[in-house]
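Letter by letter, the chains look like this.
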Amino acid sequence: MATKIIIGAQWGDEGKGKIVDHLSKDADFVVRYQGGANAGHTIKFDGKEIVLHLIPSGIFNGSAKCIIGNGVVIDPNALVDEIDEVEAFGSDLKDRFYVSGSAHVILPYHKILDQVREKSRGKDAIGTTGRGIGPAYVSKVARVGIRMADLTNGAALEKMVRSNVTEINKALTHVHKEPEIDVDEILNGLNPVIERLKPYICNTTNMLHQAIASGKNIILEGAQGSLLDIDHGTYPYVTSSSPTAGGACVGSGIPPTSITNAIGITKAYSTRVGNGPYPTELFDGTGEKLRKNGAEFGATTGRPRRCGWLDLVALKYAVNLNGLDQLALTKLDVLDDFDEIQVCTHYEINGKKTDVYPVETGALDHVKPIYRTFGGWSSSCRDAKSYDQLPNEVKTYISFIEEYTGSRCSIISTGPGRTETLIR
Ligand code: IMP
């Protein structure tokens, strides 16, 4: 029996979908615990590719039951579209897919607010995905949110939506000078999706407590990454949930004492989408080459990702934040044709060298990264069928990451396919 948390150890897009898909074959349950359709978890198998935004990445490998936990914010239309897509891929969701009645709902006004607030921030915009994530969590914390179970309670639902829209229309018209939202349009739009989603809504917390009591294997699938965490990330350039390990317990109802381990997913280099500090970002041809080799374009928004070298100061911080006892190192093949590979070991801040990740707002704005250089391997990692078959230069690079972070790279991903995964 094991309850594993799979966490992005960088700014998201580390390849969590592929790793969760791989580990799911031995799981009984796979649970999403935070975020929403801002995530884009890409899975490739049997020559097919699908990007999941809400449904856990365990849906295609094995028979694990897949749960959207209470900590997720759900756009009902996006979920219905995704159910259709997954079913078209040949996966039957009946008796395999469950949605927490306590998960909060994203309604059209959350998306409008997201976009309007971004616009009003001008050059200080967060660079959100525009999926309504922040405003939905605001409704939740302000205790006016609508939860999935409320969707099945017609009269009460209508009252809540009308009350919220009245409030939001005041902000939209008076503060933002935007047109009012039509509440009837929202209510009418909800009816067909409610019928589709009803069968999946249940008490997933109890389901997970029973699973733990009967010794089942559970995977908690994080979305986004540790450095986008609302508390521990590069605030305010963060998402509005807690991707870090603590968030997995809150967002699923699984107690901390039931967690057996936490696996951090990190690329062999780094990327970031949206705005905010990024010490190892490259603005030159090397950054461009990483983007091209790694096809670094957002799975949800299609935006080009910012690219740079691996930042070990930030990675060690993520290891400490989450108690990562293992790392999965992904997209190693992207570095195959580089003559030299650099890795950031320290920051220089105001003339002082440090290996401590600073948490104060703005502290990362003027960081000078200090690098250590490794030789490239001028061959294809994808040819290796086991860890031992990897070029020696790759092993040297991996050993250094392990020594620095104190966490073992137990999974190495050498390509996008399910089979391009080396387990040590
Ligand atoms: P939001 O989550 O849409 O509010 O966006 C907040 C920040 O998180 C922005 O910088 C987004 O680009 C970033 N973000 C949100 N979801 C993801 C993700 O799945 N991968 C990478 N970045 C993300």
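Residues numbered from 1 in each chain as written. Predicted model: local features only at pLDDT ≥ 70, side-chain atom pairs only at ≥ 80, totals over all residues. Heavy atoms only, no water.

1. With respect to the packing of helix α3 (residues 108-121) against helix α4 (residues 133-141)
Here is step 1 of the chain: It is the contact of α3 with α4, at a shortest axis distance of 7 Å, that shows an interaxial angle of 115°. Between α3 and α4 the crossing geometry is right-handed. Listed contacts from α4 to His110, Leu113, Asp114 and Arg117 of α3 are Ile133, Pro135, Ala136 and Ser139.
Here is step 2 of the chain: Grouping the amino acids of the contact of α3 with α4 by side-chain chemistry returns 4 nonpolar, 2 polar and 2 charged. (Axes fitted to C-alpha atoms, helices over the stretch in contact; angles between N-to-C directions. Helix = DSSP H or I, 4+ residues; strand = E, 2+ residues; numbered from the N terminus. Left-handed = near helix turned anticlockwise from the far one by under 90°. Contact = heavy atoms within 4.5 Å. Nonpolar A, V, L, I, M, F, W, Y, C, P; charged D, E, K, R; others polar.)

2. Quick word on helix α7 (residues 204-213)
Here is step 1 of the chain: Buried residues of α7: Thr204, Met207, Leu208, Ala211 and Ile212, and no others. For α7, the angular spread of buried residues about the axis comes to 135°, placing them on one side. Among the exposed residues of α7, those oriented more than 90 degrees off its buried face are Gln210 and Ala213.
Here is step 2 of the chain: Tucked into the core, α7 has its buried residues touching β2 (29-32), β5 (65-68), β7 (97-100), β9 (201-202) and β10 (218-221). (Buried < 20%, exposed > 50% of the residue type's maximum accessible area, 1.4 Å probe, protein only. Arc of directions from axis to C-beta.)

3. What to know about the pairing of β5
Here is step 1 of the chain: Direction of pairing for β2 relative to β5: parallel, over a ladder of 4 bridges. What sits directly across from Val30, in β5, is Cys66.
Here is step 2 of the chain: Pairing analysis gives 3 bridges linking β5 to β7, with the strands arranged parallel. In the strand pairing of β7, Ile67 is matched with Tyr98. (Pairing = 2+ DSSP bridges.)

4. Quick word on the domain arrangement of the protein
Here is step 1 of the chain: Under the domain assignment used here, the protein contains domain 1 (104-198) and domain 2 (267-424).
Here is step 2 of the chain: One C-alpha centre belongs to domain 1, the other to domain 2; they are set 37 Å apart.
Here is step 3 of the chain: Contacts between the two partners involve 6 residues from domain 1 and, on the opposite side, 5 residues from domain 2.
Here is step 4 of the chain: Across the domain 1/domain 2 interface, buried area totals approximately 390 Å², and carbon plus sulfur atoms make up 39% of it.
Here is step 5 of the chain: The largest share of the area that domain 1 buries against domain 2 comes from Gly127, Thr129 and Arg131, three residues that together contribute 67% of it.
Here is step 6 of the chain: Linking domain 1 with domain 2 are 3 residue pairs in polar contact (both at pLDDT 80 or more).
Here is step 7 of the chain: Within the side of domain 1 that touches domain 2, the residues separate by chemical class into 2 nonpolar, 3 polar and 1 charged. (Domains from an automatic or database assignment. Buried area = accessible area lost by both parts, 1.4 Å probe. Polar contact = N/O pair within 3.5 Å; in protein donor to acceptor, adjacent residues only side chain to side chain.)

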